[in-house]
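Each chain is listed here by its residues.
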Amino acid sequence: MRPLALATAMMHRYRVPDHAPRPRPDSPAPARVGHGLTAERQSSLYRRLAARDEQALVELIDLATPWLLGVAQGMLSDQDEAEEVVQEAFTIVWNRIDLLDEQAGGLLPWLLRITRNRAIDRLRARRRQRQKAQRLEAYGALGESWTAPREPDESAQPGWHVHEMVHSALKQLPEEQLAPVRLAYFEGYTQSEIAERLGIPLGTVKTRLRLGFDKLRAALAPIKDWVL
Amino acid sequence: MNPHDWFVEHRVAFVVRNLEAAEEKSFQQHLPVCAECREETTRLARELAWLPMGAEPATPRPGFKRQLIERALHGRRRRWQWMVPALAAAGVLLALAVVAQERGRAGRLLAEKTSLQNQLDAIRDTLVIIRNANRVLQADIRMDGHDGGITIFADERTHRWNVVVHGLPAAQSNQVYQFWFITAGGMVRGAQLHLDETRPAFLTMGMPAEGGAVMGAALTLEPMDRPSSQPQGKQLAHLML
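Residues numbered from 1 in each chain as written. Chains lettered and ligands numbered in written order. Predicted model: local features only at pLDDT ≥ 70, side-chain atom pairs only at ≥ 80, totals over all residues. Heavy atoms only, no water.

*Asks:* Is there a simple way to think about the sheet that holds strand β4 (residues 175–183) of chain B in this case?
*Replies:* Backbone hydrogen bonds are what pair the strands of a sheet, in a parallel or an antiparallel way. Residues and elements named next belong to chain B. The strand order β5-β4-β7-β8 describes an open sheet built from four strands, whose pairing is antiparallel. Looking at which strands have only one partner, the edges of the open sheet turn out to be β5 (186–193) and β8 (234–240). With direction set aside, neighbouring strand axes in the sheet form an average angle of 20°. (Pairing = 2+ DSSP bridges. Helix = DSSP H or I, 4+ residues; strand = E, 2+ residues; numbered from the N terminus. Axes fitted to C-alpha atoms, helices over the stretch in contact; angles between N-to-C directions.)

Right, dumping it as structure tokens:
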């Protein structure tokens, strides 16, 4: 069985293991929550994109745009730039689907990675750290809204179950690890910048990040082979 | 702590791109030579592949998805769309270049045609004179071991002569062949001839306006530096009507 089909089949059979964070009680079961993410559709999307099927791209855009936009806006805090980054990601997927490395994940993780990397590149290239520092002043309020779970109607969003699992995994981190992880992963700061922002030694930042990501890896292990 | 421990310690940071630019570059340079780090970073990337989904989804503004679709799909077409006018412009330039080249070629051909036409006209004229000549005067000329001659076809109806000189060597650098009309009033300078032994020289001329009636012709070899209204050099031929 091809990795793609195997992974999508696994997704269908998926049940939340005991050690993994459980979805919120009011969210649909994992096998159903991916509205529109049937195994057939997922496996066919990649094939159709590879075959230059424009409708497949339309479907992928419908599915992935909110997530990509969320990643890009969270990092760039600039809607126009975030849209540009998402545009670039889809253009790459459409024109260079052959670059997809299934060993590093599936289609949607690839899109997410492209988007995040592009956003990081922009952050670094445009030296937005000063603006970030200003936003950091209001970090507490932003952080609170960032961690707040969405209302149940949001679960209609394809992929919402994945979001909830990741969200639950993040919530399980102690605050001293969650803060640097947020800054590092979702806002694009480097380790030394995080040390400066949080006013803690660089070594401490490294340790907390390592511990935090180790926990996240363990928490996300059940879904690491999901492929879209 | 050996040097490799640093890479082991920073694998996650590399995967999630938390390293400083210099550190990231160092790690990238390390990967091609370290299979263990390559495998581990691939594994870490896969384990954290869905982590970006922790970000809250953002509702796209109205029209953004349509924009995404159009730009992704038509990006390549746009290049073609950009190329179409470029190709059209290139085509126009090429056409202009061809036209210019053709114009140049046409100009050259026209000049060549004009030249050929002139030559043909001259030949026709010569033939007409020769054919219509009322008189033909001829003299042999022996000069410096060369046997040549001069022939005059006189068309008295049109008052034109056709003079043919052949077999004579080229004049020395300080000399020139000079044709003379012998008129009632004396010798009248005609045309200078630049002869080539290999081919005859043809000369068509009208009668001189001065000197009165033309009675004959002469060919001399005159010094170049002493032009005169009267022959001074060696006489090669003397013909009377």
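*Asks:* Is there a simple way to think about the side chain of B:T151 in this case?
*Replies:* Residues and elements named next belong to chain B. Structurally, the position occupied by T151 is in strand β2 (residues 146–155). Since its relative accessible area comes to 13%, T151 is described here as buried. Aside from chain neighbours lying at most four places away, what touches T151 is V136, L137, Q138, N162, V163 and V164. (Buried < 20%, exposed > 50% of the residue type's maximum accessible area, 1.4 Å probe, protein only. Contact = heavy atoms within 4.5 Å.)

*Asks:* Would you mind showing me how to read the interface of chain B and chain A here?
*Replies:* Taken together, the 41 residues of chain B in the interface contact 63 residues of chain A. With both sides pooled, the region where chain B packs onto chain A buries about 5,000 Å², and carbon together with sulfur makes up 60% of that total. Seen at the junction of chain B and chain A, the total is six salt bridges. The salt bridge partner of B:E9 is A:R210, with a shortest N-O separation of 3.6 Å. Viewed at the interface, chain A and chain B are joined by 20 residue pairs in polar contact (both at pLDDT 80 or more). Of all the elements in the fold, those that place two or more residues in the side of chain B that touches chain A are α2 (11–15), α3 (21–30), α4 (35–47) and α5 (64–132) of chain B. Per-element accounting of the side of chain B that touches chain A gives the leading share, ten residues, to α5(B). The residue inventory of the side of chain B that touches chain A, partitioned by class, reads 21 nonpolar, six polar and 14 charged. (Buried area = accessible area lost by both parts, 1.4 Å probe. Salt bridge = Lys/Arg side-chain N within 4 Å of Asp/Glu carboxyl O. Polar contact = N/O pair within 3.5 Å; in protein donor to acceptor, adjacent residues only side chain to side chain. Nonpolar A, V, L, I, M, F, W, Y, C, P; charged D, E, K, R; others polar.)

*Asks:* Where do I start with the packing of helix α10 (residues 175–186) of chain A against helix α12 (residues 202–220) of chain A in this structure?
*Replies:* Relative placement of two packed helices is described by the angle separating their axes and the distance separating the axes. All names here are of chain A. At their nearest, the axes of α10 and α12 sit 8 Å apart, and the two run at 85° to each other. Relative to α12, α10 is oriented roughly perpendicular. Residue-level contacts link E176, Q177, P180, V181, A184 and Y185 of α10 to R208, L209, L211, G212, F213, K215 and L216 of α12. The residue inventory of the contact of α10 with α12, partitioned by class, reads eight nonpolar, two polar and three charged. (Parallel < 35°, antiparallel > 145°, perpendicular 65-115°, else oblique.)

*Asks:* Even after reading the chapter, I still don't get the nonpolar core, so can you show me in this structure?
*Replies:* Nonpolar side chains tend toward joint burial in soluble globular proteins. Core analysis: the biggest nonpolar cluster contains 76 residues, and A:L60, A:F90, A:F213 and B:L51 have the highest contact counts within it. If one sorts the elements of this core by residue count, helix α4 (residues 54–76) of chain A sits on top with 14 residues. A:F213 has contacts with A:V181, A:Y185, B:V12, B:V16, B:N18, B:L48 and B:L51, leaving out every residue within four places of it along the chain. Counting 27 residues, the second largest nonpolar core, distinct from the first, contains B:V214, B:A217, B:L219 and B:L221. (Core = buried A, V, L, I, M, F, W, Y, C linked by side-chain atoms within 4.5 Å.)

*Asks:* How should the packing of helix α11 (residues 191–198) of chain A against α12(A) be read in this particular structure?
*Replies:* Residues and elements named next belong to chain A. For the pair α11 and α12, interaxial distance at closest approach is 9 Å and the crossing angle is 110°. The orientation of α11 relative to α12 falls into the category roughly perpendicular. Crossing of α11 over α12 shows right-handed handedness. Note on element contacts: α12 touches α11 through L202, V205, K206 and L209, opposite Q191, S192, I194 and A195. Residues that form the contact of α11 with α12 fall into these classes: five nonpolar, two polar and one charged. (Left-handed = near helix turned anticlockwise from the far one by under 90°.)

*Asks:* What is the right way to look at the packing of aromatic side chains in this model?
*Replies:* What characterises a pair of aromatic rings is the spacing of the ring centres plus the angle enclosed by the ring planes. This structure, assessed with the given rule, holds nine aromatic pairs over all chains. Summarising the aromatic geometry, the rings of A:Y185 and A:F186 are spaced 5.3 Å apart at their centres and angled 70° between planes, so their arrangement reads as edge-to-face. Through successive ring pairs, a cluster of aromatic residues spans B:W6, B:F7, B:F14 and B:F27. Here the basic side chain of A:R52 rests over the ring of A:W94, its NZ or CZ set 4.1 Å away from the ring centre. (Phe/Tyr/Trp six-rings, centres within 6.5 Å; stacked < 30°, edge-to-face > 60°. Lys NZ or Arg CZ within 6 Å of the ring centre and 35° of its normal.)

*Asks:* Please explain the state of the cysteines as it appears in this structure.
*Replies:* Note on terminology: a disulfide is the covalent bond linking the sulfur atoms of two cysteines. All told, the structure shown has zero disulfides over all chains when counted by the stated rule. Considering cysteine sulfurs only, B:C37 is the nearest to B:C34, which forms no disulfide, with 3.5 Å between them. (Disulfide = S-S within 2.5 Å.)

*Asks:* How do you make sense of the sheet that holds β2(B) when you look at a structure like this?
*Replies:* Residue and element names in this part refer to chain B. Taken together, four strands build an open sheet; the order of strands is β1-β2-β3-β6 and the sheet is antiparallel. Since the sheet does not close on itself, it has two edges, and those belong to β1 (135–143) and β6 (201–206), each with one partner. Each neighbouring strand pair of the sheet contributes to a mean axis angle of 15°, computed without reference to strand direction. Direction of pairing for strand β3 (residues 160–166) relative to β6: antiparallel, over a ladder of six bridges. In the sheet register, V165 faces β6, and the bridge partner there is A201.

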